[in-house]
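Spelled out from the first residue to the last, the chains are:
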Amino acid sequence: MTKESSAQTGTSRVKRGMAEMLKGGVIMDVVNVEQARIAEDAGAVAVMALERVPADIRAQGGVARMSDPGMITEIQKSVSIPVMAKARIGHFVEAQILQSLGVDYIDESEVLTPADFTHHIDKWNFTIPFVCGATNLGEALRRINEGAAMIRSKGEAGTGDVSNATTHMRAISDEIRRLSSMREDELYVAAKELQAPYDLVKEVATTGKLPVVLFTAGGIATPADAAMMMQLGADGVFVGSGIFKSGDPARRAAAIVKSVTFFDDAKVLAEQSKGLGEAMVGINVADIPAPHRLAERGW
Amino acid sequence: MKIGVLALQGDVAEHIASLGDCGVSASGVRSRQEIESVDALVIPGGESTTIAKLAKAFGVFDLIKSRIASGMPTYGSCAGMILIADQILDGGVDQESFGGLGAQVRRNAFGRQVDSFETDLTFAGIGGAPFRAVFIRAPWVESVGAGVEVLASFNGHPVAIRQGHLLATSFHPELTGDNRIHRFFVDQLCKESSKAGI
């Protein structure tokens, strides 16, 4: 083998680097080719191909699983931007299938019904990178320890209620700030309390940030919601039901994309918030009985 | 010499940090005024279709295009390479570029994320060890016009090229902590143009 052709695939740098390229962008849930094209036209940095958006999974109930590979392949053919897809928590065979389709990122997602109530997928075994949800720093670091190359705060998917996304973003950044202020000899107990590996805890304490890109998800429905998440420190935003459950998806999608770029410019945000038609109707998270809250899935 | 990193979308912070390591204090630029105020520009990695759409939506597309055409030193990595190429192959629907660089660039030429890779490259113009290059859904250069210098190739495809004040790489030096290519841009392209009084 010549030196020139010795390419290494699936390294941490390649997996985490892919998420770096998505920063400042919006990743949109799409259920068919038409929606995928609308998302791409609106300036999405990637699409998440799935059969039902979280709002419908919530409304219809039942077991939610990986999408039909045929549908994912159709979406891959129809757009030139990256295509992500979801596997159930712990369902490593769904992940193997998604990898064989060549999806660009796998979301091991609490939006689907978990397949394993003890173990998450061992993500180091894959060439394809994974994004995982987290509600706090300990959970994020456990997922990174299992090989996640990107984290998204969970929020509460399919609600259009941004309050949990806020809670989770604040929890993660508060805990990072707390670690940064600690003496080195206090980090051992902090690691125990966070139920996270000491080496990762120490790394976060030193750098003051997660070792991977942090997006927000779960309940983002308006340009202002997306911009607030960016101001709270998110690197980018996932929008699920918020776009295609609204009155004018193409317009809302484009407005959210622009609002993520100009998240700190209220004049642009005001302009982008005008005349978007109806937002998704939404459910208050407080009205969802506790066992039906998706953010509580994952451990 | 003020260097801006186009901050519409992508890994802006990494480029600012790499330039910082070269002793240059760079900043993110989004607005017309910010883009007009810089002497040189870096277009980061990201999603090229998104960056082009945002540039159009916020009315800076033609400004960037004309500044590149009139000699502003510009470096594009990955998406940035696509955006400064005269011609894009396998682009999105009606995808446009700022252009300037006389080359045809094929988008996602190395494949999807499952094919993304890192490797050692020999890069003409920088000394020392081979450069560890990270390719992510990367483009390659399909063909170059007159006056375009190939600085690095991988498996027969040019992956780093220069034409006067323009530099482009298929890969992401900003992800590796090795700032030799950023230094090359600052020393060879930016300083040369400021000497020439452009």
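Procedures and definitions
- Residues numbered from 1 in each chain as written.
- Chains lettered and ligands numbered in written order.
- Predicted model: local features only at pLDDT ≥ 70, side-chain atom pairs only at ≥ 80, totals over all residues.
- Heavy atoms only, no water.
- Helix = DSSP H or I, 4+ residues; strand = E, 2+ residues; numbered from the N terminus.
- Rg over C-alpha atoms; globule rule 2.2 N^0.38 Å.
- Buried < 20%, exposed > 50% of the residue type's maximum accessible area, 1.4 Å probe, protein only.
- Contact = heavy atoms within 4.5 Å.
- Areas by Shrake-Rupley, 256 points an atom, 1.4 Å probe, with all protein chains shown as cover.
- Lys, Arg positive; Asp, Glu negative; His and termini not counted.
- Charge placed at Lys NZ, Arg CZ, Asp CG, Glu CD.
- Pairing = 2+ DSSP bridges.
- Axes fitted to C-alpha atoms, helices over the stretch in contact; angles between N-to-C directions.
- UniProt positions renumbered as here; feature names shortened; annotations may be inferred.
- Polar contact = N/O pair within 3.5 Å; in protein donor to acceptor, adjacent residues only side chain to side chain.
- Buried area = accessible area lost by both parts, 1.4 Å probe.
- Salt bridge = Lys/Arg side-chain N within 4 Å of Asp/Glu carboxyl O.
- 1 Å grid on protein atoms, 1.4 Å probe; cavity = no way out; pocket = protein on both sides within 12 Å on 5 of 7 lines; lining within 4 Å.
- Points joined across faces, edges and corners; volume = space filled by probe spheres on them.
- Nonpolar A, V, L, I, M, F, W, Y, C, P; charged D, E, K, R; others polar.

Asks: Would you mind showing me how to read the overall build of chain A here?
Replies: Looking only at helices and strands, chain A has 13 helices and nine strands in total. Over its C-alpha trace chain A gives a radius of gyration of 19 Å, about what one expects of a compact globule, namely 19 Å for 299 residues. Overall, the C-alpha framework of chain A stretches about 55 × 50 × 40 Å when taken along its three principal axes. Evaluated residue by residue, chain A yields a buried proportion of 58% over its 299 residues. Once local pairs closer than 6 in sequence are excluded, the contacts in chain A between residues at least 24 apart make up 66%. On chain A, roughly 11700 Å² of surface is accessible, and the fraction owed to carbon and sulfur atoms is 50%. Across chain A, the centroid of the 32 positively charged side chains sits 1 Å from that of the 38 negatively charged ones.

Asks: Whenever I open this one, the sheet that holds strand β10 (residues 149-154) of chain B confuses me. Can you help?
Replies: Sheets are built from strands that pair by backbone hydrogen bonding, the pairs being arranged parallel or antiparallel. All names here are of chain B. Taking strand neighbours across the sheet as the criterion, the seven strands line up as β2-β1-β3-β4-β12-β11-β10 in an open arrangement whose pairing is mixed. The open sheet terminates on both sides in strands that have one partner only, identified here as β2 (27-29) and β10. For this sheet, the mean inter-axis angle between neighbouring strands, taken without regard to orientation, is 25°. Of the strand pairs in this sheet, strand β1 (residues 3-6) and β2 are connected by three bridges, and their pairing is parallel. Its bridge partner being in β2, G4 is matched across the sheet by S27. With respect to the sheet, helix α1 (residues 12-21) is in contact with β1, β2, β3 (40-43) and β4 (74-77), its orientation differing from that of β1 by roughly 160°.

Asks: Would you explain the UniProt feature "domain: PdxS/SNZ N-terminal" (unreviewed entry) in chain A in this entry?
Replies: With numbering matched to this structure, UniProt assigns "domain: PdxS/SNZ N-terminal" (unreviewed entry) to residues 12-217 of chain A. With 44% helix and 16% strand, residues 12-217 of chain A has its two end C-alpha atoms placed 23 Å apart.

Asks: Sorry if this is basic, but what is going on with the UniProt feature "active site" (unreviewed entry) in chain A here?
Replies: Residue and element names in this part refer to chain A. With numbering matched to this structure, UniProt assigns "active site" (unreviewed entry) to K86. Within the secondary structure layout, K86 lies in strand β4 (residues 83-88). In this structure, K86 is in contact with M48, A49, L50, M66, L98, D107, S109, V111 and L112, ignoring residues within four places of it in sequence. Only 2.9 Å separates the side chain of K86 from the side chain of D107, close enough to count as a polar contact.

Asks: Just to check I follow, could you spell out the interface of chain B and chain A for this structure?
Replies: One frequent convention defines the size of an interface as the accessible area lost when the parts assemble. On the chain A side, the residues contacting the 41 residues of chain B number 43 residues. Taking both partners together, chain B and chain A bury about 3300 Å²; carbon and sulfur atoms supply 55% of that area. When the area that chain B buries against chain A is broken down by residue, the three leading residues are R30(B), R112(B) and Q113(B), summing to 19%. One can count five salt bridges joining chain B with chain A. When the shortest N-O distance is used, the salt bridge between K23(A) and E14(B) registers 2.8 Å. When contributions to the side of chain B that touches chain A are tallied by element, the ones reaching two or more residues are α1, α3 (48-57), β7 (117-121), β8 (131-135) and β10 of chain B. With five residues, the top contributor of residues to the side of chain B that touches chain A is α3(B). Sheet analysis places strand β1 (residues 8-9) of chain A next to β7(B), joined by two bridges and oriented antiparallel. Bridge pairing links T9(A) to F117(B) in β7(B).

Asks: Got a minute to help me understand empty space enclosed by the protein in this structure?
Replies: Leftover empty space is mapped by rolling, across the atoms, a probe with the size of a water molecule. Taken as a whole, this structure holds three cavities of 30 Å³ or more when the rule is applied. Considering only enclosed or pocket space, the largest cavity measures out at about 210 Å³ in volume. In this structure, the largest cavity is lined by 24 residues; those nearest its centre are P54(A), A157(A), A217(A), G218(A) and G240(A). Looking at the lining of the largest cavity, its residues break down into nine nonpolar, nine polar and six charged. Space inside the second largest cavity adds up to approximately 140 Å³. What lines the second largest cavity is a set of 14 residues, among which G46(B), E47(B), N108(B), I136(B) and R137(B) lie closest to the centre. Partitioning the lining of the second largest cavity into residue classes produces eight nonpolar, three polar and three charged.

Asks: Would you mind going over the pattern of salt bridges with me for this structure?
Replies: Charged atoms that come close allow side chains of opposite charge to pair. Residues and elements named next belong to chain A. Counted under the stated rule, the structure contains 31 salt bridges over all chains. Between R152 and D107 there is a salt bridge, with its nearest N and O atoms 2.9 Å apart. In this pair, R152 is assigned in strand β7 (residues 150-153) and D107 in strand β5 (residues 105-109), connecting sequence segments 45 residues apart. Here R152 and D107 have matching classes, each one buried. In this structure, E139 and K154 form a salt bridge, with 2.7 Å as the shortest nitrogen-oxygen distance. Note that E139 is positioned in helix α6 (residues 137-145) and K154 in the loop between β7 and α7 (163-180), a separation of 15 residues in sequence.

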